[in-house]
Amino acid sequence: MSNMLEIITKKRDKHPLTQEDIAFWIKELVAQRIPDYQSSALLMAIVLNGLSEQETAWLTHEMMHSGDVVDLSSIQGITNDKHSTGGVGDKTSLVLAPMVAACGGKVAKMSGRGLGHTGGTIDKLESFPGFSTEISSERFAQLVNDNGLAIMGQSKNLVPADKLLYALRDVTGTVPAIPLIASSIMSKKLAAGSDAILLDVKFGDGAFMKDVNQARELAMAMISIGKHANKNTKAILSDMNQPLGFAIGNALEVKEAIATLKGEGPEDLTQLCIEAASLMLVQAQLYTDVDKAKEAVVASLHDGSALAKFRTFIEAQGGDPTYVDDVSLLPQAKHITPFKATQTGIIQTIQAMPLGLAASYLGAGRLTKDDVLKFGVGLVLKAKVGNHVSEGDVICDIHHDDPLPQDVLDKLNDAIVIAQESVKPLVLIHEICE
Ligand code: URA
């Protein structure tokens with residue numbers, strides 16, 4: 001029989017924990033029989049002394065089973081889920097889920113809301129009045145069977161252990177530890193029930209992981225957890241040193257996603273979606289060759305089938321599909337103010353984090369838990385890192401409802417640096433890990 005003091009002491013002294021120790025901790029945590037100071041002490045010992053791959057897999061398993069586990073067994077074929085570690089302007093899910101569905105895949109995706117400076121898929125989709133992700137798991141499975149895709153919000157009882165641990169980590173300086181981040185993310189993905197998981201692990205100023213080596217370490221830790229759970233898990237390492245695409249903000253991102261589904265999207269977003277969708281089709285065993293999968297995915301953008309899937313998906317979950325046909329119906333901000341280059345030169349940086357914060361200040365994200373989002377507001381860039389601009393050129397349109405706060409202009413001035421030097425273009429997809 002384990003006890004908390006013994007478990008903490010073991011980890012403090014760099015001894016491995018047993019499966020029984022970890023199971024005891026998580027069960028007692030969820031039953032609220034452990035004081036916060038003991039869980040916090042163990043978390044700090046883990047931050048300092050780490051967890052082995054086996055310990056991390058056990059922790060994830062216990063967390064995953066601490067609440068509801070979605071049963072997708074009534075879906076025919078292999079189900080795909082995709083998870084991004086969070087970025088700015090990241091509307092990838094809106095584009096690639098219909099692409100995969102158009103090519104015969106089954107995308108059963110569980111999504112979240114915005115967090116900090118990063119946006120969330122559910123907030124973006126709620127730009128369609130009536131659209132809802134609060135659906136039962138039976139309806140979710142039925143929609144995936146019928147249309148090839150559905151997006152569900154996290155149920156309240158999905159991985160309660162993560163909610164408790166995350167709240168403690170947030171206030172005890174124990175968030176940045178790869179085994180804790182990996183088990184937190186993967187416990188939720190495993191509880192969501194899909195057969196195959198594609199992770200988009202972002203690195204850069206706008207991401208959790210600031211450099212590519214940290215991102216790779218996180219990706220490999222999550223892939224190892226996936227292997228222990230017998231789930232096909234792969235990861236893309238992608239750059240978040242500038243926003244993805246041009247649009248940041250809920251309805252603005254939906255518009256950009258629809259343009260991308262018509263084959264008229266920004267190059268970087270289109271590239272990432274094509275890459276991710278083809279990997280998912282290979283994971284679903286619909287293709288053996290990723291290049292052949294890519295051809296099918298690209299065709300779905302040009303023959304209208306990916307857009308048609310998106311339209312069906314919006315309608316099936318309560319949204320008005322005519323908004324897809326005529327995007328001017330989507331929420332629009334009251335004002336558009338151009339932000340102009342103050343000198344001629346080459347754009348050196350468009351830092352994602354300050355732009356994500358600026359969009360939140362406009363009302364695209366929440367600054368407090370109870371904030372009501374303004375769906376039409378946000379930023380639309382007119383240039384990317386490495387582009388030449390002349391003094392007076394518009395580099396970003398600011399879509400706002402209220403008088404423009406100085407904070408927003410400050411963030412834009414911080415984020416966008418123009419100088420005479422040439423810069424190396426940022427490479428979006430760094431590598432694929434498996
Ligand atoms: N996202 C999560 O879900 N958990 C973490 O620990 C970090 C990012």
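Residue indices begin from 1 for each chain and proceed along its sequence in written order. Local features are withheld for residues below a pLDDT of 70 in this predicted model, meaning they are given only at 70 or higher, and side-chain atom pairs are given and counted only at 80 or more; totals for whole chains, interfaces and linings count all residues. Excluding hydrogens and water, the side-chain values take into account all heavy atoms of the structure.

Peer 1: Please give an account of the state of the cysteines that cites residues and values.
Peer 2: Only a pair of cysteine sulfur atoms within 2.5 Å qualifies as a disulfide here. Enumeration over the complete set of coordinates arrives at 0 disulfides. Free of any disulfide, C103 has its nearest cysteine sulfur in C273, 13 Å distant. For C103, a relative accessible area of 14% translates into the label buried. Exposure categories follow from relative accessible area, calculated using a 1.4 Å probe and restricted to protein chains: below 20% of the type maximum is buried, above 50% is exposed, and the middle band is partly exposed. Judged by relative accessible area, which is 0%, C273 ranks as buried.

Peer 1: How would you sum up the domain arrangement of the protein? Please name residues and give values.
Peer 2: If you check the domain split of the protein, you get domain 1 (4-50), domain 2 (79-325) and domain 3 (331-419). Throughout, the edges of the domains are those of an automatic or database domain assignment. Placing the centre of domain 2 and that of domain 3 at their C-alpha centroids yields a distance of 24 Å. Facing the 26 residues of domain 2 at the interface are 28 residues of domain 3. Here the buried area means the combined drop in accessible surface, using a 1.4 Å probe, for two parts upon being joined, counting both sides. A combined buried area of about 2000 Å² lies between domain 2 and domain 3, and 59% of that area is made up of carbon and sulfur atoms. Throughout this description, the term salt bridge denotes a Lys or Arg side-chain nitrogen within 4 Å of a carboxyl oxygen of Asp or Glu. At the boundary of domain 2 with domain 3, the tally comes to 2 salt bridges. D123 is the salt-bridge partner of R366, the closest N and O atoms lying 3.0 Å from each other. Between N or O atoms, a polar contact is any pair within 3.5 Å; within protein, one atom must be a potential hydrogen donor and the other a potential acceptor, and residues adjacent in sequence are included only when both atoms are from side chains. Applying the counting criterion to the domain 2 and domain 3 interface returns 11 residue pairs in polar contact (both at pLDDT 80 or more). Think of it this way: any DSSP run of H or I at least four residues long counts as a helix, any run of E at least two long counts as a strand, and we number them from the N terminus. Taken together, the elements giving at least two residues each to the side of domain 2 that touches domain 3 come down to β6 (247-248) and α11 (250-261). Two residues qualify as a contact provided that any one of their heavy atoms is within 4.5 Å of a heavy atom in the partner residue.

Peer 1: How would you explain the site of the ligand if you had to name every residue and give the values?
Peer 2: Taken together, Y166, R169, I181, S184, I185, K188 and F208 make up all the residues around the ligand. One nitrogen or oxygen atom from the side chain of S184 is found 2.6 Å from a nitrogen atom belonging to the ligand. The side chain of K188 places a nitrogen or oxygen atom 2.5 Å from an oxygen atom of the ligand. For accessible areas, the Shrake-Rupley method is used with a probe of radius 1.4 Å. Any residue's cover is judged against the shown protein chains and nothing else. Starting from 240 Å² of accessible surface for the ligand in isolation, the protein chains cover 88%. Every element with two or more residues in the shell around the ligand is listed here: α8 (160-172) and α9 (178-191). Ranked by residue count, the leading element in the shell around the ligand is α9, at 4 residues. Being near a molecule or strand, for a residue, means having at least one of its heavy atoms within 4 Å of it.

Peer 1: Give a description of the nonpolar core that names residues and reports values.
Peer 2: Residues grouped as a nonpolar core are buried Ala, Val, Leu, Ile, Met, Phe, Trp, Tyr and Cys residues, joined through side-chain atoms within 4.5 Å. One finds M99, F128, F310, L379, I395, L412 and I416 to be the most contacted residues of the largest nonpolar core, which totals 75 residues. Residue contributions to this core peak at 10 residues, all from helix α12 (residues 267-283). Both domains that furnish three or more residues to this core are identified here as domain 2 (79-325) and domain 3 (331-419). Beyond its immediate stretch of four places on either side in the chain, L379 contacts F246, A247, I248, L252, L355, A358, A359, L362, C396, D397, I398 and L412. Grouped together as the second largest cluster of nonpolar side chains are 60 residues, I26, V144, M152 and F203 included.

Peer 1: Give a description of the packing of aromatic side chains that names residues and reports values.
Peer 2: Planes of paired rings set the category: under 30 degrees apart is stacked, over 60 is edge-to-face and the rest tilted, where pairs are Phe, Tyr or Trp rings (Trp by its six-membered ring) whose centres lie within 6.5 Å. Applying the stated criterion to the full structure yields 4 aromatic pairs. Arranged with centres 6.5 Å apart and planes meeting at 55°, the rings of F128 and Y323 form a pair that is tilted. Placement of F128 in the loop between α6 (121-125) and α7 (137-147) and of Y323 in helix α15 (residues 322-325) is noted, with a sequence separation of 195 residues between them. Taken as a pair, F128 and Y323 share a single burial class, namely buried. Three or more aromatic residues joined by ring pairs form one cluster here, namely F128, F131, F310, F313 and Y323. One residue, K384, lies across the ring of F246, its end atom 5.6 Å from the ring centre. Put simply, a charge is over a ring when the Lys NZ or the Arg CZ is close to the ring centre, within 6 Å, and near the line of the ring normal, within 35 degrees.

Peer 1: So what's going on with the sheet that holds strand β8 (residues 345-350)? Which residues, and what values?
Peer 2: Within a sheet, each strand pairs with its neighbour through backbone hydrogen bonds, oriented either parallel or antiparallel. For two strands to be treated as a pair, DSSP must find no fewer than two bridges joining them. Strands sit in the order β10-β8-β12 across an open sheet of 3 strands; the sheet is antiparallel. One side of each edge strand has no neighbouring strand; the edge strands of this open sheet are β10 (388-389) and β12 (416-419). Examined bridge by bridge, β8 and β12 share 4 bridges and lie antiparallel to one another. The residue of β12 that forms the bridge with I346 is A419. Axis lines are fitted through C-alpha atoms, for helices just across the contact stretch, and the angle between N-to-C directions can take any value from 0 to 180 degrees. Together, β8 and β12 form the strand contacts of helix α17 (residues 406-415), whose direction differs from that of β12 by roughly 45°.

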